[in-house]
Amino acid sequence: MSGEETRQGVTLTNLDKPLFDGADATKRDLVDYLESVGDRMVRGLRERPLSVVRIRPGQEPFMQKNLPKYTPEWMARVTIWAESSRREVTYALCDDVRTLLWFGNQRAIEYHPTLLLADHRTGPTHLVLDLDPPPGEHFRQAVRAAELVRVALHADGLSGAVKTSGAKGLHVFVPIAPGTGIEDAAAATRAVAARAERLDPELATTAFIREDRGGKVFLDSTRSGGATVVAAYSPRVRPGATVSFPLSWSELDAISPRDFTIRTAADALADRDPWREEMPPPQTLPADLIEEGHTIPIARVQAMHEGKRRARARRAGTDS
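None of the values given here were measured: they were computed from a predicted structure.

Cut-offs used in this document
- Residues numbered from 1 in each chain as written.
- Predicted model: local features only at pLDDT ≥ 70, side-chain atom pairs only at ≥ 80, totals over all residues.
- Heavy atoms only, no water.
- Helix = DSSP H or I, 4+ residues; strand = E, 2+ residues; numbered from the N terminus.
- Rg over C-alpha atoms; globule rule 2.2 N^0.38 Å.
- Buried < 20%, exposed > 50% of the residue type's maximum accessible area, 1.4 Å probe, protein only.
- Contact = heavy atoms within 4.5 Å.
- Core = buried A, V, L, I, M, F, W, Y, C linked by side-chain atoms within 4.5 Å.
- Domains from an automatic or database assignment.
- UniProt positions renumbered as here; feature names shortened; annotations may be inferred.
- Polar contact = N/O pair within 3.5 Å; in protein donor to acceptor, adjacent residues only side chain to side chain.
- Buried area = accessible area lost by both parts, 1.4 Å probe.
- Salt bridge = Lys/Arg side-chain N within 4 Å of Asp/Glu carboxyl O.
- Nonpolar A, V, L, I, M, F, W, Y, C, P; charged D, E, K, R; others polar.
- Expected span 1.5 Å × (residues − 1).
- Bend = angle between axes of the 7 residues up to and from the residue.

Q: With reference to specific residues and values, describe the overall build of the chain.
A: Along the chain, the regular secondary structure elements total 8 helices and 13 strands. The C-alpha atoms of the chain give a radius of gyration of 20 Å, which matches the 20 Å a tight globule of 320 residues would have. Across its three principal axes, the chain shows a C-alpha extent of roughly 65 × 50 × 40 Å. For the chain, the proportion of its 320 residues judged to be buried stands at 53%. Taking the intrachain contacts of the chain between residues at least 6 apart in sequence as the baseline, contacts between residues at least 24 apart amount to 71%.

Shown next as structure tokens:
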């Protein structure tokens, strides 16, 4: 078979080369997968500034935000001021399958869109809870933690959709009404995590500092504002080239994240789009949830201050 061909006007090269160490797949497998799920995947990427994780042969994975100079003119894009790096960044807008195939040819494995659309005026589109189990094989713990989040949401009349992260955990997405402020959405996310933690503090924790988690599932509520989250159906740079796969809540107990790879996920989907099927309509956030969230310190800021406090304590102990 040739290692070069053209699909949807995109020239594809080196298709029969290994994708990355441990992938058990070639670049052709990646492109075939992206093409087969393309329409479904693009639904979650469209109009969102996109970052990708690429792997060049013989190199470590790297995150690419700014589009390279050789990007074709036909690709949609948006330029945004990045406060952290004090520069303008031109992001791709993956609005069609052709763009997805071009990225696949660039060996872009992972696709991380923002929670904000390119037009930020509508505010965040979802709350996201990232459920990260402790090191080791603890996916069942993540499933139990996801149920805590689901119960906490239902108590406030909310519902969400769930997918594997493609790594070892789960993501819960809660679609919210347009016009929700960034700070209010972030506060509500913190409150949902805190309420889920209170349901079973022996299983789940909101502790941002890893050493404070005590073998519990971390309910990460920091995905807010301009943050990115790996897209539904996106492959991951993980052994076997696993995929972030949407599920119904009833399916969680019967699966393993390793069940879904770029070789198996398309067949598992058939003609379905479970991410669209399972996603509730946008919901208005209850005032009490937002109010509680604004009383909860921002995890990263709190962790930074706590880290400084512990460093001072260690220095004081050494000096004494």
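Let's pick the thread back up.
Q: Could you give an account of the nonpolar core, with specific residues and numbers?
A: Core analysis: the biggest nonpolar cluster contains 84 residues, and F103, Y111, L131, L170 and V172 have the highest contact counts within it. Broken down by element, the residue count for this core peaks at 9 residues, all from helix 3 (residues 139–155). Among the domains, domain 1 (5–113 + 230–278) and domain 2 (122–227 + 282–305) are the pair contributing at least three residues each to this core. Residues contacting V172, with those up to four places away along its chain left out, are L127, V128, L129, L131, V149, L153, A161, V162 and W249.

Q: Quick one: what's the story with the environment of V174, residue by residue and with numbers?
A: Examined against the element boundaries, V174 turns out to sit in strand 10 (residues 170–175). Between the C-alpha atom of V174 and that of T26, which follows or precedes it by 148 residues, the distance is 35 Å. When near neighbours in sequence (up to four residues on either side) are disregarded, V174 contacts T125, H126, L127, L153, S159, G160 and Q283.

Q: Mind laying out the UniProt feature "domain: DNA ligase D polymerase" (unreviewed entry) in the chain, listing which residues take part and the relevant values?
A: Annotation from UniProt places "domain: DNA ligase D polymerase" (unreviewed entry) at residues 26–275. Helix and strand shares over residues 26–275 are 28% and 21% respectively, and the end C-alpha atoms of the span are 26 Å apart.

Q: Lay out the side chain of T99 in plain terms, naming residues and giving numbers.
A: Note that T99 resides in helix 2 (residues 97–105). Under the relative-accessibility criterion, T99 is labelled buried at 1%. At 2.7 Å, the side chain of T99 and the side chain of D96 are in polar contact. Aside from chain neighbours lying at most four places away, what touches T99 is W74, M75, L93 and C94.

Q: Can you explain the domain arrangement of the chain? Please cite residues and give values.
A: Looking at the chain, the domain boundaries give domain 1 (5–113 + 230–278) and domain 2 (122–227 + 282–305). Facing the 22 residues of domain 1 at the interface are 22 residues of domain 2. Buried surface at the junction of domain 1 and domain 2, summed over both partners, amounts to about 1800 Å²; 57% is from carbon and sulfur atoms. Taken together, the connections running from domain 1 to domain 2 amount to 0 salt bridges. The tally of links between domain 1 and domain 2 comes to 12 residue pairs in polar contact (both at pLDDT 80 or more). For the side of domain 1 that touches domain 2, a count of residues per class yields 13 nonpolar, 3 polar and 6 charged.

Q: Talk me through helix 1 (residues 27–45); I want residue IDs and the actual numbers.
A: For helix 1, spanning 19 residues, the distance from its first C-alpha to its last is only 21 Å, which falls clearly below the expected 27 Å at 1.5 Å a residue. The sharpest bend along helix 1 reaches about 75° and sits at G38.

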